[in-house]
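# Architecture at a glance
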Amino acid sequence: MTTTNFTINSIPAVLYGENADKVCLYIHGKCGYKEEAQSLAEILCPRGFQVLSIDLPEHGERKNGEAKLVPWVAVPELQGVLAYAKQRWHSISLHATSIGAYFSLLAFSEEAFEKVMFVSPVVDMKKLIETMMQWAQVSAERLQAEKEIPTQFGETLSWEYYTYAKEHSLTHWNSKTAILYAGHDNLTDRDTITEFAEQFGCELQIYEDGEHWFHTEEQLAVWRNWIEHSQKACATENKNPARS
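None of the values given here were measured: they were computed from a predicted structure.

A word on the overall build of the protein. Summing up its helical and strand segments, the protein has eight helices and ten strands in all. Over its C-alpha trace the protein gives a radius of gyration of 18 Å, about what one expects of a compact globule, namely 18 Å for 244 residues. Reported as C-alpha extents along the three principal axes, the dimensions of the protein are approximately 55 × 40 × 35 Å. Counting the 244 residues in the protein, one finds 49% classified as buried. Within the protein, contacts between residues separated by at least 24 positions form 66% of all contacts whose residues are at least 6 apart in sequence. In the structure as shown, the protein presents an accessible area of about 12300 Å², 45% of it carried by carbon and sulfur atoms. For the protein, the distance from the average position of its 21 positive side-chain charges to the average position of its 34 negative side-chain charges is 4 Å.

In structure tokens form, the structure reads like this:
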């Protein structure tokens, strides 16, 4: 499989597959990196796609960079990447995981992708931060006063991030979306993901035995089957353009 490494607006990127008029933009989650997209490319490239993936701030080749993994940095970056993709490909799909899905929801709320696939998406950051505040027994008043508070579970609570999340709630999403959610997801509860799916008409598949991070052989097999099913469903719909 052809692999090309380059940069988009100084952001490290990798492109998989031979020249095609369809591309799937891959946005990894926390602790991920752009080369994770190879697994998706192995499925999609034989179906006539290319797969384009980037390193988010503080990840991959940018691990020691100055840019921080915060939405006010990541969102404009993703918008720039999509602008690049629009110049090159006729059809654009999206695959995003966890916080990568959250950034995508913010960055692309006005867009209409051919197909969107979210894995363990964070769909309500305000609620997630409030949950983490409860875990750490940190009040909103204390967070506002101290601005940043490290926690025992490895996350640093940020008043700036919390304020941003409250001010940037998602009100609309234009793309046909499939969601793969794990029954043991500890970051997004079932009610939250169900409400999101119903609000925006998403196809929701729940893998009851899964965790937020799909990484075991069994979990990845579920992910691969889900991807293939999503592509077959999309192909069937494209053959029936009159279907609403």
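With that out of the way, let us pick up the nonpolar core. In this structure, Leu52, Tyr102, Phe103, Phe108, Phe118 and Met125 are the most contacted members of the largest nonpolar core, which totals 57 residues. Element by element, the count of residues in this core is highest for helix H3 (residues 99–107), at seven residues. The residues touching Phe103, leaving out its near neighbours within four places in the chain, are Leu56, Leu69, Val70, Pro71, Ala74, Val75, Leu78 and Tyr161. Counting 23 residues, the second-largest nonpolar core is a separate cluster that includes Val119, Tyr207, Phe214 and Trp226.

This next bit is on the packing of helix H2 (residues 71–88) against H3. In contact at an axis separation of 9 Å, H2 and H3 are set at 65° when each is read in the N-to-C sense. Put simply, H2 runs roughly perpendicular to H3. Judged by the sense of rotation from one axis to the other, the crossing of H2 with H3 is right-handed. Contact with H2, carried on its side by Pro71, Ala74, Val75, Leu78 and Gln79, involves Tyr102, Phe103, Ser104, Leu106 and Ala107 of H3 and no other residues of that element.

Within this model, the largest pocket holds a volume of roughly 1500 Å³. Lining the largest pocket are 46 residues, with Gly29, Lys30, Cys31, Ser98 and Ile99 positioned closest to its centre. Where the lining of the largest pocket is concerned, the elements lending two or more residues are strand S5 (91–97), helix H4 (125–136), strand S8 (156–158), helix H6 (159–167) and helix H8 (217–238). With five residues, H4 is the single largest residue contributor to the lining of the largest pocket. The residue inventory of the lining of the largest pocket, partitioned by class, reads 24 nonpolar, 13 polar and nine charged. Each pocket or cavity is described by its volume, and for the second largest pocket that value is around 340 Å³. Lining the second largest pocket we find 18 residues, and of these Val123, Asp124, Ser169, Leu170 and Phe196 sit closest to its centre. When contributions to the lining of the second largest pocket are tallied by element, the ones reaching two or more residues are H3, H4, H6 and helix H7 (190–200). Per-element tally for the lining of the second largest pocket: the top contributor is H7, with five residues.

What follows is about H6. Among all positions in H6, only Trp159, Tyr161, Tyr162, Tyr164 and Ala165 are buried. By the N-cap criterion, in which a side-chain oxygen at the helix start approaches the backbone nitrogen of a residue two or three places on, H6 is capped by Ser158, the distance to Glu160 being 3.3 Å.

Calculation notes
- Residues numbered from 1 in each chain as written.
- Predicted model: local features only at pLDDT ≥ 70, side-chain atom pairs only at ≥ 80, totals over all residues.
- Heavy atoms only, no water.
- Helix = DSSP H or I, 4+ residues; strand = E, 2+ residues; numbered from the N terminus.
- Rg over C-alpha atoms; globule rule 2.2 N^0.38 Å.
- Buried < 20%, exposed > 50% of the residue type's maximum accessible area, 1.4 Å probe, protein only.
- Contact = heavy atoms within 4.5 Å.
- Areas by Shrake-Rupley, 256 points an atom, 1.4 Å probe, with all protein chains shown as cover.
- Lys, Arg positive; Asp, Glu negative; His and termini not counted.
- Charge placed at Lys NZ, Arg CZ, Asp CG, Glu CD.
- Core = buried A, V, L, I, M, F, W, Y, C linked by side-chain atoms within 4.5 Å.
- Axes fitted to C-alpha atoms, helices over the stretch in contact; angles between N-to-C directions.
- Parallel < 35°, antiparallel > 145°, perpendicular 65-115°, else oblique.
- Left-handed = near helix turned anticlockwise from the far one by under 90°.
- 1 Å grid on protein atoms, 1.4 Å probe; cavity = no way out; pocket = protein on both sides within 12 Å on 5 of 7 lines; lining within 4 Å.
- Points joined across faces, edges and corners; volume = space filled by probe spheres on them.
- Nonpolar A, V, L, I, M, F, W, Y, C, P; charged D, E, K, R; others polar.
- Polar contact = N/O pair within 3.5 Å; in protein donor to acceptor, adjacent residues only side chain to side chain.

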